[in-house]
Amino acid sequence: SPHGPDPHQTASYSGGWSPLVSDRYQWLEVDLGERTKITAVATQGRYGSSDWLTSYLLMFSDTGHNWKQYRQEDSIGSFPGNSNADSVVQHKLQQPAIARFLRLIPLDWNPSGRIGLRLETYGCPYSKQLLFSKNHLDSAPDVVTLKFKTLRNSGTLLQAEGRDGLGFSLELERGKLLLTSASEPLRLASLGSLLDDQHWHHVAVERRSSHLNLTVDKHTERVQIPAEFSHWDVEQVAVQGFSSQKSLVSKRNFQGCLENLLYNGHNLIELAKNNDHQVTVGGNVTFSCAEPVSVAVTFTGPQSFLQLPGATASSSGGVSLGFQFRTWNKAGLLLTFDLPQQGGVVWLYLSEARLWLQIHKGGRALLELTAGAALNDGQWHSVEMNSKRGRLTVAVDKEEGGSAQASPLFPVAIESHLFFGGCPAEDTSHECRNPFNVFQGCMRLLTLDNQNMDLIMVQQKQLGNYSNLQIDMCGIIDRCSPSRCEHGGRCSQSWTVFHCNCSDSGYIGATCHSSVYEQSCEAYKHNGNTSGHFYIDVDGSGPIKPQLVYCNMTEENTWMVMQHNNTELTRLRPSPGVKQHLVHFDYSSREEQLSVAISQSEHCEQELSYHCRKSRLLNTPEGSPFSWWRGGPGSGRIQTYWGGAHPGSQQCSCGLQGDCVDPQHYCNCDADRMEWTEDSGLLTHKESLPVRSLVLGDVQRPGSEAAYRVGPLRCRGDKNFWNAAFFDKETSYLHFPTFHGELSADISFLFKTTASSGVFLENLGIKDFIRIELSSSTQVLFSFDVGNGPLEVLMESRDPLNDNRWHRVRAERNVKEASLRLDDLPVATQEAPTDGHFHLQLNSQLFIGGTASRQKGFRGCIRSLQLNGVTLDLEERAKITPGVQPGCPGHCSSYGSLCQNQGRCVERTNGFHCDCSLSAYTGVFCQTEVSVSFKPGSSVSYTFKEPYELSRNSSALPSSIYSDMTLRGENVSLSFRTNQSPALLLYVSSYYREHLALLINKNGEQDVRYKLDSSREAEVLRSKVRSLANGQLHTVTIRRLSDSVSVQVTKHSTIHIFSTFSLIVFVSPESGDLDPDLARLASLGFAGCLSVVQFNTISPLKAALLHPDTSPVVISGPLVQSNCGSAGSANPYAEENTHHLSGKRWTILKCLHFAGVIAVVIFVIVTGLAITARFLYRRKDTYRNQEVKGVKQDDSPDFPFNNQADSQNLSTENPKEYFI
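What you see is a predicted model; the values in this text were computed from it and never measured. (Residues numbered from 1 in each chain as written. Predicted model: local features only at pLDDT ≥ 70, side-chain atom pairs only at ≥ 80, totals over all residues. Heavy atoms only, no water.)

### Quick word on the overall build of the protein
Consideration 1: The secondary structure content of the protein amounts to twelve helices and 85 strands.
Consideration 2: Long-range pairs, those at least 24 residues apart, make up 69% of the contacts in the protein between residues at least 6 apart in sequence.
Consideration 3: About 53400 Å² of surface is accessible on the protein, with carbon and sulfur atoms providing 48% of the total. (Helix = DSSP H or I, 4+ residues; strand = E, 2+ residues; numbered from the N terminus. Contact = heavy atoms within 4.5 Å. Areas by Shrake-Rupley, 256 points an atom, 1.4 Å probe, with all protein chains shown as cover.)

Structure, rendered in C-alpha cells:
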C-alpha cells in the first residue's frame, strides 16, 4: 500500500507507484500476508515516464510497527536504484530478511522527473519448525537453537546442566548475550548487542569436544571451554519457564517471545504444547507472541527536531514530562521549552554523558541541576521531569540513576511548544534556541502530563512538526559489535563513528591493523639498531602477537635468540627407582611465533650437548637408543640423533666426523668409560626445531653421572626481508592469485628505481580495483574503488624517488580510512564514508610490477612485498618469468650511511656489512667505542715493520718511492677523561728531533706542541677551552696538512662514572730520545681513560684489545676493555683553531706515545698509550732546506718545565718499537 505523511495526498498511477509529492517522507509498504524469508528485491522506474529512483532504503517489520532498516555489509543503509525507467536492478540480500511487511523509502530520484517505482520481492514462506538433519546431529552431540525477541535488556535465556553441577547458561546482560559457566561464575564469551530491540534474533550453541560454537544472528564465535566439560553430558535444559526435565529457577527470567526452540532436533515448544512428559512447563507461559506497540523516533543528524504542543487539558501551572532515550553521544539537547510570560528558557541536555537541567534568563543561569552518569552507553534510559507546588524534580532511570531537586522562586511551566532533539533551521519566531549540540539517538514513550504522545499522528503531519526523523523505528547501530578494532584495540563510539584505542596493543592505525614492530632482527638492524631486546611481529598485521626476543648484532650475521626455561648446563645423578629422566622445555615465545620465526629464517640452530661419565647416550644405530629428544612443531617428533649429526642417523657429531673415543661407537658417551667426556653439537635441521623435551635413559646405574644442556634457539637471515625481483622492462610483470582484502587490507614493500613512473601493483574486479603506482619521480599514488567511486591517496616526497635507493611504501585500507606511508614521511589519509563498509571485490590475477594491459609497467626492484602480513615469493616466481630476474643487488647506496666512523659498507647478496678495519670503533655499524682505563701494572708494545726493505743509505731510494713515503700530514683523534693536570696524553717523535706532543697544562688547558724543524723551538697551540681535567669526557682532533694544522677540542658537559680496568704502559727509549721537558712531564704518569685512539688509518687500541693474536702487539699484565669512554650529552661548544707551522713534513717518524711515564735514563714502568707510527724516509738535508713558516713559539709560563732541550742527546739508532 502506498503511504505518505498524509494518505490523502498519495496518488497511484498506471505503470507504477508515484506519489503526488516527491520528498523523503514518502514510502511504499508491502504486506506479504505472512512472515516470509525475503532473499532479493528488484526495482524499475514507472513505465513510459521519466520517473525512477536512484537510491532507496529498505525497512522490514513483523507487525507493521517497530521497523528495522536493512543494511548490507553491516552498515550500508542505502541501495542504488535505477538509471532509467525500463531496466531492472536487482539486489540479493546478503542475509535473508524474515518479515511480513516491507517498506521502501525513496532517498533520491531522477532530477528531471519524480518518484516512480515498480517493485518485486523474491523469497519463500518462513517455517517456524525446522529440524536438524541426522548427519548434523551426529557431528554435534549437543545443539541448541532458538529465536527470541524482547524489550528487556537483561534476563536468563537458557540453562543447561549435567553431572556434578557442571553447566552453562545464556543470559542477556545490557542487551548482549553472555555465555557463562554455571559451576563457577566464569564468563566464557559475549556476543551481539542491542538485542532488546523487539526484533527476532537467532541463537545457536553447538558443543564440540573441546569448544563451543556460539552464534548470534550472522556472527559466530569459537569458545574454548574448560577441560572438565570435555566428557560432559547434558541432563536437562531450561529455557525461561519450561525445561526438558524439571524446572530450573533463574534469578532473572527472560521476558519476551521464543520460537524454533530446538534441542538436538527436538522442538521443545511443540513438545510443551502436546504436554510431553519430558518437558515441564512452569510460570506464565503462553504459546503466542503478544507484542507491545512502542513507537520510537530516531534523530539522525544536525537538522533533526521534533516539535510538539506543550499544553494539555490537565495542565494546571506545572509540568510533568517523561521519555526514554538511548544514544552513544556524550552531549546533545534532549528537550527545550520557554517559560510563560518571558520567564526564561528551560534546557534539558546531555553533557559529558550526564543529564543537566538549566533554566536561563537574561543571559544568566537561574537554576542548574544534574543527575545520572555514563548515559551514552547505548541503553534505554528514562527521564522524568516534574514541577509541582514550587518543587522541581529531575530523575534518571526511576531514581536508580540519580535524581536532583530544587525549589525555584518562579513557576516552571510550558508556554507553548516542546522541542525535542534540536531546533528548526529557520525559526523566525525564536521559540527554540539551542546553544548545545543536537541530539543524535532514539526516543520513545514520550509523555506530557501522563498522556502518551502519538508519534504516528506526528508522522502523518496531524500533530506537531518534525524534520529529518525516522519515526516508528530506532536506528541505533552498535559499531563496536562486532568490534572492528583489531589486535585487542579497545572500541568506543559516537552516533556516527567508532574509534579504536590502540595503546599498549603493539599496533597502530585507525583499526589497530598495522604492527609497530619489525618482523625480524634483520629488519631492526637495517633501521640502524644495535644488539638488544626487541619485540618481533613475525606476521606483521596478521593474528600472531609480537614476541620479545634478543637480537644479537655483534657478528656479521644478525641472530634472533629465543630463550626457554633451562639453558644452563644441568647435572643429573642416579635416583632410586628412576629409569629415565624426562625434561620439558618451555619457550618464552608461543607455538605459532616459533613456527613462523623458524620458517622465515634462512638458518636456525640449537645447541644440544651431553656430558657423561659411565652414561651411554645412543649406543649403536642398530639398537634402541638409551636417550632421545622431541623436536619440531607442537609437542615434537621423536629424534634419535644428536647435535652435529644428521636427522635419522642415530649418531653424534664424532660419529659423523669419525673421531669418537671408541671407533666402535658413534658417540663418545657410548664408550661407557669412567672418564668424563661429552657429545655436543648444533641441531640445524629446521623441521626438527625447537627441542621440546629430552629423555635421558642411562642414568640409573651405580657410578653413572651426566649433565645436559639445550641452548636457546638461534635463527639468522630473514628470507622475507630480502625476497626481491628486478623488472627490466615496462612490459614485464609477475602475477599471483587474487588478493583478498575485503574489509581490511594492508600492502607494504620496498622499491628502488631510476624510472620516473610505473605501476607497482594492480588487481581488478568487475568494477572494483586496487592499485599502487609511482605516478611521478616524487609521488606515490594509492587508489582503489569498492563500488562507491574511486578514492585516491597521494604521497609526495621532497626528494626524488628514482634515485636508485630503497624506499618503503605502506598502504592500508580499512572500514574507517585509507592511508599511505612513504619512508618516514607523515602518513597521508582519506576517510571512508561513515555509512559504508563496502567489501573490496576482486576477481582478476594480482599483477606485480605491471598491469593487465602491459602498460605503465615498473622498471626497477621490488622487495619484501607483503599483503596482510603474508610475503609473496617474488624470487621463485621471477625464476620462471621472462623479463624478471630474481633478487636485486646493490644495498650500500641505501644502507651505507649506517656505517659510522669511517666504517666501509661492503655489499652482500642479501644485505650489507660494515667493515670497521679502518675505523677506531667496532660494532655492527662501527659505532662502539674502544676504551681503556689506565692504571699501573699493564703494558702493550706495538711494533711496526717498514713497508720496504730499505738500506741505511736513503739516497739510494727511487724518487717515486721517496715521494710516496713522505708524510705531509696526519689526522690524530682521541677521547680522554682525567682529573690530572698537568698530564701528557700523546707524544710523536721522529729520528731527527721532530715531535708532536698533546698535553694538559697545569691550568687544565689543552696544549699541542709541534716541532717539525729540528733547528727551531717547538711551537705551542693552546685551546681556549678550560677545565679539561675535570673527569668528564673530551675529544681532541688534530688535522695537519703540510704547514697548516687545526686542533679541535670538544667539551662534554655530563659526567659519567665507569668502572676502570688496569693498563700499564711503558717504554724504554734511549736517554736522549725524548725532549727533556716532556720527559719530566711524562714521568708524572697518567691516570684516566683513553678512547677511540686513531692515527691516520691505524687504531692501536682496537688492535691490542680485539686482535692481539693477529696484530704486532706484545701485552704484559692484564689488559681489559672498559666503557670509560662512553660520552654523555655533548656540550655544543667546540673550539677549532688553525695555525701555520714552521715545517711541512716529518723526516723519519719514529714513535708515538700516549699517556706515558717515559724515563730519560733508566727503564721505568709507566701508565700510558703508545699509538701507531708510519716510517717515512727522507734525506735530512732536504728537510732542513725547507722554508720556515709559522707563528712565534709560545714560551708558555704555564708549562711547568724548562723549555731548553739538549738536542745533542737525540739518538737515531733506536729500534722501531712503540709501547702502549
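That covers the picture; the talk isn't over yet.
### Some thoughts on the environment of W347
Consideration 1: Summarising the element assignment, W347 is placed in strand β27 (residues 345-351).
Consideration 2: Linking W347 and L357, residues ten residues apart in sequence, is a C-alpha distance of 5.7 Å.
Consideration 3: Residues in contact with W347, not counting those within four places in the same chain, are L333, L335, T336, W356, L357, Q358, H360, R433, P435 and F436.

### Brief notes about the layout of surface pockets
Consideration 1: The volume enclosed by the second largest pocket comes to roughly 1500 Å³.
Consideration 2: Lining the second largest pocket are 46 residues, and of these K149, T150, Q255, G256 and C257 sit closest to its centre.
Consideration 3: Where the lining of the second largest pocket is concerned, the elements lending two or more residues are β20 (257-263), α2 (268-273) and β30 (381-388).
Consideration 4: Here the lining of the second largest pocket takes five residues from β20, the largest share from any one element.
Consideration 5: Split by residue class, the lining of the second largest pocket holds 13 nonpolar, 18 polar and 15 charged. (1 Å grid on protein atoms, 1.4 Å probe; cavity = no way out; pocket = protein on both sides within 12 Å on 5 of 7 lines; lining within 4 Å. Points joined across faces, edges and corners; volume = space filled by probe spheres on them. Nonpolar A, V, L, I, M, F, W, Y, C, P; charged D, E, K, R; others polar.)

### A few points about the pattern of salt bridges
Consideration 1: Across all of its chains, the model carries 33 salt bridges by this definition.
Consideration 2: A salt bridge links D338 to R433; the nearest nitrogen and oxygen atoms lie 3.1 Å apart. Taken together, the residues span a long stretch of sequence, with D338 in strand β26 (residues 332-338) and R433 in the loop between β33 (417-420) and β34 (441-448) at a distance of 95 residues.
Consideration 3: The buried category is assigned to D338, whose relative accessible area is 12%. (Salt bridge = Lys/Arg side-chain N within 4 Å of Asp/Glu carboxyl O. Buried < 20%, exposed > 50% of the residue type's maximum accessible area, 1.4 Å probe, protein only.)

### Remarks on helix α5 (residues 591-599)
Consideration 1: Listing the buried residues of α5 in full gives Q593, L594, A597 and I598. Mapping the buried residues of α5 onto a view down its axis gives an arc of 120 degrees, with all of them on the same face.
Consideration 2: Those residues of α5 that are buried are in contact with β43 (547-552), β44 (559-562), β47 (601-613), β51 (691-696) and β53 (713-718). (Arc of directions from axis to C-beta.)

### Quick word on the side chain of N566
Consideration 1: Mapped onto the elements of the fold, N566 is located in the loop between β44 and β45 (570-572).
Consideration 2: Polar side-chain contacts of N566 include one of 3.2 Å to the side chain of Y708. (Polar contact = N/O pair within 3.5 Å; in protein donor to acceptor, adjacent residues only side chain to side chain.)

### Some remarks on the state of the cysteines
Consideration 1: Summed over the entire model, instances satisfying the criterion amount to 15 disulfides.
Consideration 2: Residue C442 pairs covalently with C474 via a disulfide, S to S 2.1 Å. Its S-S torsion of about 95 degrees marks the bond between C442 and C474 as right-handed, since a negative value means left-handed. Taken as a pair, C442 in strand β34 and C474 in the loop between β37 (469-471) and β38 (490-493) lie far apart in primary sequence, 32 residues in all. (Disulfide = S-S within 2.5 Å.)

### A few points about the packing of aromatic side chains
Consideration 1: Scanning all chains against the criterion turns up 26 aromatic pairs.
Consideration 2: Ring centres of Y25 and Y466 lie 5.4 Å apart, and the angle between their planes is 85 degrees; this geometry places the pair in the edge-to-face category. Remark: Y466 occurs in strand β36 (residues 465-467) and Y25 occurs in the loop between β3 (16-17) and β4 (27-44); sequence separation between them is 441 residues.
Consideration 3: Y466 gets classed as buried once you look at its relative accessible area, which sits at 6%.
Consideration 4: Both rings, one in F299 and one in F439, keep their centres 5.6 Å apart while their planes meet at 70 degrees; by these two values the pair is edge-to-face. Here F299 is found in strand β23 (residues 296-299), whereas its partner F439 is found in the loop between β33 and β34, with 140 residues between them in sequence. As far as the burial class goes, F299 and F439 line up, both buried.
Consideration 5: R444 extends its terminal NZ or CZ atom over the ring of W380, reaching a point 4.0 Å from the ring centre.
Consideration 6: Of note, K461 hangs over the ring of Y466, and the distance from its end group to the ring centre comes to 4.3 Å. (Phe/Tyr/Trp six-rings, centres within 6.5 Å; stacked < 30°, edge-to-face > 60°. Lys NZ or Arg CZ within 6 Å of the ring centre and 35° of its normal.)

### Quick word on unusual backbone geometry
Consideration 1: At the junction of L689 and P690, the peptide bond is cis and its omega measures out at 0 degrees in the coordinates.
Consideration 2: Residue placement: P690 occurs in the loop between β50 (677-683) and β51.
Consideration 3: With an omega of 0 degrees, the peptide bond running from S981 to P982 counts as cis.
Consideration 4: On the secondary structure map, P982 appears in the loop between β72 (969-978) and β73 (983-990).
Consideration 5: Of note in the backbone geometry, E352 takes a positive phi value of approximately 55 degrees without being a glycine.
Consideration 6: Here E352 lies in the loop between β27 and β28 (354-361).
Consideration 7: Positive phi is not limited to glycine here, since S864 has a value of about 50 degrees.
Consideration 8: Structurally, S864 is set in strand β65 (residues 860-867).

### Here we look at the nonpolar core
In summary, soluble globular proteins display a tendency toward joint burial of nonpolar side chains.
Consideration 1: Grouped together as the largest cluster of nonpolar side chains are 61 residues, with contacts concentrated most on Y610, W642, L694 and F912.
Consideration 2: Residues in contact with L694, not counting those within four places in the same chain, are H581, L582, V583, F585, L608, W628, W629, W642, Y708 and V710.
Consideration 3: Membership of the second largest hydrophobic core comes to 45 residues, among which are L306, L367, L369 and Y466. (Core = buried A, V, L, I, M, F, W, Y, C linked by side-chain atoms within 4.5 Å.)

### Some remarks on the sheet that holds strand β21 (residues 266-267)
Consideration 1: One open sheet holds the six strands; their spatial order is β17-β16-β15-β10-β20-β21, and the pairing between them is antiparallel. The two strands at the open ends of the sheet, each matched to only one other strand, are β17 (219-224) and β21.
Consideration 2: Relative to β21, β20 is paired through two bridges, and the arrangement is antiparallel. From the neighbouring strand, L262 faces β21, where its bridge partner is N267. (Pairing = 2+ DSSP bridges.)

### Some remarks on the pairing of β28
Consideration 1: Where β27 lies against β28, seven bridges are found, and the strand directions are antiparallel. Across the sheet, the residue bridging to W347 is Q358, located in β28.
Consideration 2: Where β27 folds back onto β28 in an antiparallel hairpin, the turn is made up of two residues, including E352, whose phi is positive at roughly 55 degrees.
Consideration 3: As judged from the seven bridges shared by β28 and strand β29 (residues 364-371), these two strands associate in the antiparallel manner. Looking at β29, one finds that W356 is bridged to T370.
Consideration 4: Taking the residues between adjacent antiparallel strands as the criterion, β28 and β29 are bridged by two residues, where G362 takes a positive phi near 60 degrees.

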